[in-house]
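As a plain string of letters, each chain reads:
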Amino acid sequence: MKNAPEPDSDSAGPPLAYRDPEFLDSEEGRPLRILAEYLQPLDAFRRNRVHDTIVFFGSARCHEDGPMGRYYAAARKLARLVTEWSEALDSPGLRYLVCTGGGPGIMEAANRGAAEAGGRTIGLNIGLPHEQRPNPYITEGLSFQFHYFFMRKLWFTHLARALVVFPGGFGTLDELFEILTLSQTQKLDRKVPVLIYGTEYWNRIVNFKALVRDGMIDSKDLELIHFVDSPESALALLQKLLDSEKKAAAPALAKSRTPYDPRPKP
C-alpha cells in the first residue's frame, strides 16, 4: 500500500503534528525533542560510517595565546597525531575520529589538529549563554547542536573508545567524573581508557590519592585513569590500549549493562 500523499502545506487545514512548531516547542513535545537528539546523530554517524571516537575534553577558556596556551598546542598536536594514525588503519569505516564538544579552547584545538591532518572530526555542541559556539574546524555533516545536556553526554559515551581530558573547569570535571563513574560501576560493557593530560595541573585540582586514603574509592579505581604529559606519550598509550580493537568491523556502541540480576531468586 502506498503512503498517502503529503497534504499541501498551503491548505487551510491544521498542520500535521510533526510539522507544528508550536507543538514541537511545547512541554508536551519534549519527548519528541529528546528522541530527535538521539536519532539525528545516530543517522548521521551511520551514513558517514563513523565507527568510534576518541573524545577530547577540556576548557573552552584555554586560548592559543593565553597563559594556558601550551595545553591548546598539545591538544592540537595530539589530535593531529591521532588522526594520522586513524587514517592509516585498515578499516571498513572511520575509526577513532576526534570528537569534542564543538566549542572554542581545547575543543577548537582538537578539531583543528584533526582537520590539519586531513581527517574528519566531530563536534557535539550545546547552546549555552557564554563561550559555546561551533568552531570552524568541525567536518560538515558531523557538527551537532544539542539542547539537552544528558543527550549530548550520551553521544560522548556512545561511540567513545577513549577519552583525553585536558585542564578545564566545572564542565570538564563533570564530564570526567561521569565517565569514571560509569566505568567504576560497570555500567559500560567495555573499557573506556581515560587519559588525563597535565599531571601537575590535575594533582593540584583533584587529590585522587586522598580519595583512596579516606576510603572514598578503592585503590584499583585509580587504574581507570592514566596521566600523560606529552602528545607523543599520549598517542603511544592510546595505541597500546586500543591495539586489540583495531580490527573491529561493526560500529561500537557502548551498551549499558547491569552487573547483577536484581530480581529475587525463586
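Residues numbered from 1 in each chain as written. Predicted model: local features only at pLDDT ≥ 70, side-chain atom pairs only at ≥ 80, totals over all residues. Heavy atoms only, no water.

Colleague: For this particular structure, what's the right way to read the sheet that holds strand β3 (residues 121-126)?
Modeller: Across a sheet, strands are paired by hydrogen bonds formed along the backbone, either parallel or antiparallel in direction. In spatial order, the strands read β4-β3-β2-β1-β5-β6-β7; together these 7 strands make up an open sheet with parallel pairing. Edge strands, defined here as strands with exactly one partner in the open sheet, are β4 (143-146) and β7 (225-228). Neighbouring strand axes in the sheet, compared pairwise and without regard to direction, differ in orientation by 25° on average. Here strand β6 (residues 194-197) runs beside β7; their pairing, made up of 4 bridges, is parallel. (Pairing = 2+ DSSP bridges. Helix = DSSP H or I, 4+ residues; strand = E, 2+ residues; numbered from the N terminus. Axes fitted to C-alpha atoms, helices over the stretch in contact; angles between N-to-C directions.)

Colleague: Is there a simple way to explain helix α4 (residues 106-116) in this structure?
Modeller: Because each turn of an α-helix spans 3.6 residues, side chains separated by three or four positions in sequence point in the same direction. Counting buried positions along α4 gives 8 out of 11 residues, so the element sits mostly inside the fold. In this structure, the buried side of α4 is in contact with β1 (53-57), α3 (69-88), β2 (97-100), β3 and α5 (149-158). The first or second residue beyond α4 is Gly 118, which carries a positive phi of 85°. (Buried < 20%, exposed > 50% of the residue type's maximum accessible area, 1.4 Å probe, protein only. Contact = heavy atoms within 4.5 Å.)

Colleague: Could you clarify how one ought to interpret the packing of α3 against α4 in this entry?
Modeller: Orientation of α3 relative to α4, taken along the N-to-C sense of each, is 35°, at an axis distance of 7 Å. α4 is crossed by α3, and the crossing has right-handed handedness. The residues of α4 that touch α3, namely those facing Tyr 71, Tyr 72, Ala 75, Arg 76, Ala 79, Arg 80 and Thr 83, are Ile 106, Glu 108, Ala 109, Ala 110, Arg 112, Gly 113, Ala 114 and Glu 116. Residues of the contact of α3 with α4, tallied by class, amount to 8 nonpolar, 2 polar and 5 charged. (Left-handed = near helix turned anticlockwise from the far one by under 90°. Nonpolar A, V, L, I, M, F, W, Y, C, P; charged D, E, K, R; others polar.)

Colleague: How should unusual backbone geometry be read in this particular structure?
Modeller: Only a minority of non-glycine residues have a phi that is not negative, and only a minority of peptide bonds are not trans. The phi dihedral of Tyr 96 falls on the positive side, at around 55°, and the residue is not glycine. In this structure, Gln 186 takes a positive phi of about 60° despite not being glycine. Structurally, Gln 186 can be placed in the loop between α6 (170-184) and β6.

Colleague: Would you mind showing me how to read the packing of aromatic side chains here?
Modeller: Ring pairs (aromatic) are described by centroid distance and by the angle formed between their planes. Applying the stated criterion across every chain yields a total of 12 aromatic pairs. Aromatic side chains Tyr 148 and Phe 150 sit 5.8 Å apart centroid to centroid with 50° between the ring planes, which places their arrangement in the tilted category. Where Tyr 201 meets Trp 202, the ring centres are 5.4 Å apart and the plane angle is 90°; that geometry is what we call edge-to-face. No difference in accessibility class separates Tyr 201 from Trp 202, as the two residues are buried. Taken together, the aromatic side chains of Tyr 38, Phe 45, Phe 144 and Trp 155 make up a single cluster linked through ring pairs. (Phe/Tyr/Trp six-rings, centres within 6.5 Å; stacked < 30°, edge-to-face > 60°.)

Colleague: What is the right way to read α3 from this model?
Modeller: In this model, α3 (20 residues) spans 29 Å end to end at C-alpha, consistent with the 28 Å of a helix rising 1.5 Å per residue. Residues of α3 that are buried: Gly 69, Tyr 71, Tyr 72, Ala 74, Ala 75, Leu 78, Ala 79, Leu 81, Val 82, Thr 83, Trp 85 and Ser 86. (Expected span 1.5 Å × (residues − 1).)

Colleague: I would appreciate a short explanation of the nonpolar core in the present structure.
Modeller: Soluble globular proteins: nonpolar side chains tend toward being buried together. Of all hydrophobic cores here, the largest spans 64 residues; its most connected members are Phe 45, Ile 54, Ile 122, Leu 124, Leu 163, Phe 166 and Val 194. Considering each element in turn, this core owes the most residues, 9 residues, to α3. The residues contacting Ile 122, other than those within four sequence positions of it, are Phe 45, Val 50, Thr 53, Leu 97, Val 98, Cys 99, Thr 100, Asn 111, Ile 138, Leu 142 and Phe 144. (Core = buried A, V, L, I, M, F, W, Y, C linked by side-chain atoms within 4.5 Å.)

Colleague: Which parts of the structure should I look at to understand the side chain of Thr 139?
Modeller: Checked against the element boundaries, Thr 139 lands in the loop between β3 and β4. The residues touching Thr 139, leaving out its near neighbours within four places in the chain, are Gly 119, Arg 120 and Thr 121.

Colleague: Can you help me understand the pattern of salt bridges in this one?
Modeller: Opposite charge on two side chains lets them pair, provided their charged atoms get close. Here the structure, examined in full by the defined rule, presents 13 salt bridges. As a salt-bridge pair, Arg 47 and Asp 43 come within 2.9 Å of each other at their nearest N and O atoms. Remark: Asp 43 and Arg 47 occur in helix α2 (residues 30-47); sequence separation between them is 4 residues, near one turn of the helix. Given the relative accessible area of 57%, Arg 47 is considered exposed. Overall, Asp 43 belongs to the partly exposed group, its relative accessible area being 41%. Between Glu 232 and Lys 77 there is a salt bridge, with its nearest N and O atoms 2.5 Å apart. On the criterion of sequence distance, the pair formed by Glu 232 in helix α9 (residues 231-242) and Lys 77 in helix α3 is long-range, its members being 155 residues apart. Overall, Glu 232 belongs to the partly exposed group, its relative accessible area being 41%. Residue classification places Lys 77 among the partly exposed residues on the basis of a relative accessible area of 31%. Among the ionic contacts, a cluster of salt bridges with common partners joins Glu 64, Arg 76, Arg 112 and Glu 116. (Salt bridge = Lys/Arg side-chain N within 4 Å of Asp/Glu carboxyl O.)

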